Amino acid sequence: MKHAKMLTLLAVLVIASLVLAACPAGQVDTGAVATQVVEAVQTAAPTLQAVATEVAPMVEKAATEVAAVIQPTAAVTDTAASGEDPCAYGGIIKDIVAVDEMTVRFDLCVPDPAFPAKAADTGFQILPSEYLERAAGTPELLENLVGTGPYMLKEWRRGDQMIMEANPNYWGEPAKAQTLVFRWTPEAAQRLLELQAGSVNGIDNPGSDDFAVIEADPTLQLLPRAGLNVFYVGMNNTYPPFDNERVRQAFAMAIDRDRIVENFYPAGSEVATQFMPSGIFGYSKDLDWWEYNPEKAKEILTEEGVYGADGTFKTKISYRDVVRGYLPEPSVVAQDIQAQLAEIGVIVDINVMESGAFLDASDAGQLDGFHMLGWGADYPDATNFLDYHFGRGASKQFGAGSPELWELLEKAAVLADPAERQPIYDEANELIKQFVPMIPVAHGASATAFQAACEGAHSSPLTREKMAVIDCGGDTLVWMQNGEPVSLYCSDETDGETFRACEQMAEALLTYEIGTTNIEPALAESFEANEDGTSWTFHLRPGVTFHDGSTLDSQDVVTSWTAMWDAASPLHKGRVGDFTYFQAYFLAFKNAPQE
């Protein structure tokens, strides 16, 4: 009788598989399937009715388990099943597919030669599926980071310090120091004093006048960074009179960029002639910015009716008091711009904002008047500078974008041949000069500084220093940077101080070689593309575990990326929910709500 029941159960499971196979992809209702299986058994084999009744609970359990296996999770897309054009939403990504447990494929709507560089960005780090599904939309996601990196979070004392400890199960080279402490202060002089006193092992962005002091001190080492950045004065064209192109051009003529760089930037900095620095592909070597001409600027502002009855125009300039490589002395630069504009009758109030609030307001297009901001390279290509700020998926910080400029940038982004791309970027850079969404001021030289005894100390041209490789001879490494991280869910952040913290604890599919802009494997040990660059396949590194003990697999990659991509996903939640990097890199969110 036992053998007969087993054969009957086998027949039932065969029927179950046929019922499941008939279900439309992505539309499996496990309860309904179980019911259909029992009904099918009873209909197809009356002689089995008694047995079917006896084994029905087992059938329901088995059907539920099988259905769960083939049921796509909310994070997996199935573009083929819907019959709709998977690219109609306007973005670059067509599909993200878990090919098998350790293989992920990204299908794109258009070629994207820069896709590996984007996949290496800190904002695209991989988190466990289960963790994202549990923590999305809660403070836990922002305050804790469950990654795969060489360090794991121990404690975050808000307003004071962040303490990390070495990951004992790290797949790569173990961290040199058992404990890593992040501290912060916006004051360059304070950072240097602490380095000289030995209370910290390394600091970011020494002040302009401190370079020579550090170089002359045998107990310290200065590690310069290339100026792969830009500091600019932004304007939002939805606020009058900044909605007038001639007015924006006049303001471009009113600021003496040479004076600012000469007085407030360290040696090695450059006056900006365009948005991109010369070390980034897409830079136009024959382009120059509007010539400094305050008399002409005042004439244009008069012609355009900007001045009031008292002969002045009143506005403001907003910034965050956070030192950056592109802006080493924010407050004094703001005061100098204020003084320069006063010379042409433009009265500027200085508005200092908290860093996170400033970035949020900038992204949302809520900063009227002028604002001071900048950008450091995430990867060395024009798409990182121009597409992010002026492309179709850019934030609203400059107001309404230009379809003419979007078309050029999208045309250049899909080409692999630099000789074909450069003329398009030359044209785009000319348009940016004409439109003047911002005034590029400087490409700032910067540095890190460490105690001389620290081996492995380095500066990253992308400001993504990896502290795990630094050995200062003790169990604890203390790093002091310019500001506190905003959160630890970097997919929904844009702040460099935040990204550096995430860099220690989590990893993306790819990464950048220490101290360079060369891409190397991280969680993906290899990858390849099809011939036209519209499909990128990544092979995951086996045996990698997250800080919570779970094992990395392809579903973690799909879930992490889909949380950013799909605006309708319950996981599409962060601190603000802008996911600015994703939209800028890939143009649009899937299932984005209509504005």
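Fair warning: this is a prediction, and the values are worked out from it, not measured in the lab.

**What to know about the pattern of salt bridges**
- Scanning all chains against the criterion turns up 28 salt bridges.
- The partner of Asp495 in a salt bridge is Arg320, with the nearest N and O atoms 2.8 Å apart. In this pair, Asp495 sits in the loop between strand 15 (476-481) and helix 18 (496-505) while Arg320 sits in strand 10 (residues 313-320), placing the two residues 175 residues apart along the sequence.
- Exposure remark for Asp495: the relative accessible area of 2% places this residue in the buried category.

**A short note on the side chain of Arg320**
- For Arg320, a relative accessible area of 6% corresponds to the buried category.
- Look past the residues within four positions of Arg320 in its chain and what remains in contact with it is Tyr326, Pro330, Met353, Ser355, Phe358, Leu359, Leu373 and Asp495.

**Remarks on the pairing of strand 12 (residues 370-376)**
- Taken across its seven residues, strand 12 has six buried, putting it largely inside the fold.
- Bridge count between strand 8 (residues 229-235) and strand 12: seven bridges; the pairing is antiparallel. Each residue of the ladder has a partner; that of Tyr232, found in strand 12, is Leu373.
- Summarising the sheet, strand 10 and strand 12 pair through two bridges and their orientation is parallel. Among the inter-strand pairings, Ser318 is bridged to a residue of strand 12, identified as His371.

**Section: the packing of helix 10 (residues 245-254) against helix 12 (residues 294-303)**
- The contact between helix 10 and helix 12 brings their axes to 8 Å, and the two run at 155 degrees. Of the possible angle classes, the one that applies to helix 10 and helix 12 is roughly antiparallel. For the pair helix 10 and helix 12, the crossing hand works out as left-handed. Where helix 10 abuts helix 12, its residues Arg246, Val247, Ala250, Phe251, Met253 and Ala254 lie against Pro294, Lys296, Ala297, Ile300, Leu301 and Glu303.
- Its residues assigned to classes, the contact of helix 10 with helix 12 shows nine nonpolar, no polar and three charged.

**Description of the packing of aromatic side chains**
- Inspection of the entire model under this criterion finds 40 aromatic pairs.
- Here the aromatic rings of Tyr489 and Phe579 are separated by 6.1 Å at their centres, their planes lie at 80 degrees, and the arrangement is edge-to-face. Here Tyr489 is found in the loop between strand 15 and helix 18, whereas its partner Phe579 is found in the loop between helix 19 (554-565) and helix 20 (580-586), with 90 residues between them in sequence.
- For Phe579, a relative accessible area of 0% gives the class buried.
- Between the NZ or CZ atom of Lys433 and the centre of the ring of Trp290, over which it lies, the distance is 5.3 Å.
- For the cation-ring pair, Lys590 lies above Trp565, with the distance from its terminal atom to the ring centre recorded as 4.2 Å.

**Notes on the sheet that holds strand 9 (residues 270-271)**
- Sheet architecture is open: six strands sit in the order 9-13-8-12-10-11, paired in mixed fashion. What marks the edges here is a single partner per strand, and that holds for strand 9 and strand 11 (346-353).
- Helix 15 (residues 382-390) rests against strand 8, strand 12 and strand 13 (438-443) of the sheet, and its axis sits at about 145 degrees to strand 12.

**Digging into a negative patch on the surface**
- Together, Asp286, Glu404, Glu407, Asp426, Glu427 and Glu430 give the surface a local cluster of negative charge.
- Of all the secondary-structure elements, those providing two or more residues to the negative patch are helix 16 (403-413) and helix 17 (418-435).
- Considering each element in turn, the negative patch owes the most residues, three residues, to helix 17.
- Checked against the element boundaries, Glu407 lands in helix 16.

About the cut-offs
- Residues numbered from 1 in each chain as written.
- Predicted model: local features only at pLDDT ≥ 70, side-chain atom pairs only at ≥ 80, totals over all residues.
- Heavy atoms only, no water.
- Salt bridge = Lys/Arg side-chain N within 4 Å of Asp/Glu carboxyl O.
- Helix = DSSP H or I, 4+ residues; strand = E, 2+ residues; numbered from the N terminus.
- Buried < 20%, exposed > 50% of the residue type's maximum accessible area, 1.4 Å probe, protein only.
- Contact = heavy atoms within 4.5 Å.
- Pairing = 2+ DSSP bridges.
- Axes fitted to C-alpha atoms, helices over the stretch in contact; angles between N-to-C directions.
- Parallel < 35°, antiparallel > 145°, perpendicular 65-115°, else oblique.
- Left-handed = near helix turned anticlockwise from the far one by under 90°.
- Nonpolar A, V, L, I, M, F, W, Y, C, P; charged D, E, K, R; others polar.
- Phe/Tyr/Trp six-rings, centres within 6.5 Å; stacked < 30°, edge-to-face > 60°.
- Lys NZ or Arg CZ within 6 Å of the ring centre and 35° of its normal.
- Patch = residues over 30% accessible without salt bridge, like charges linked within 9 Å, V, L, I, M, F, W, Y side chains within 5 Å.
- Areas by Shrake-Rupley, 256 points an atom, 1.4 Å probe, with all protein chains shown as cover.
- Lys, Arg positive; Asp, Glu negative; His and termini not counted.
- Charge placed at Lys NZ, Arg CZ, Asp CG, Glu CD.

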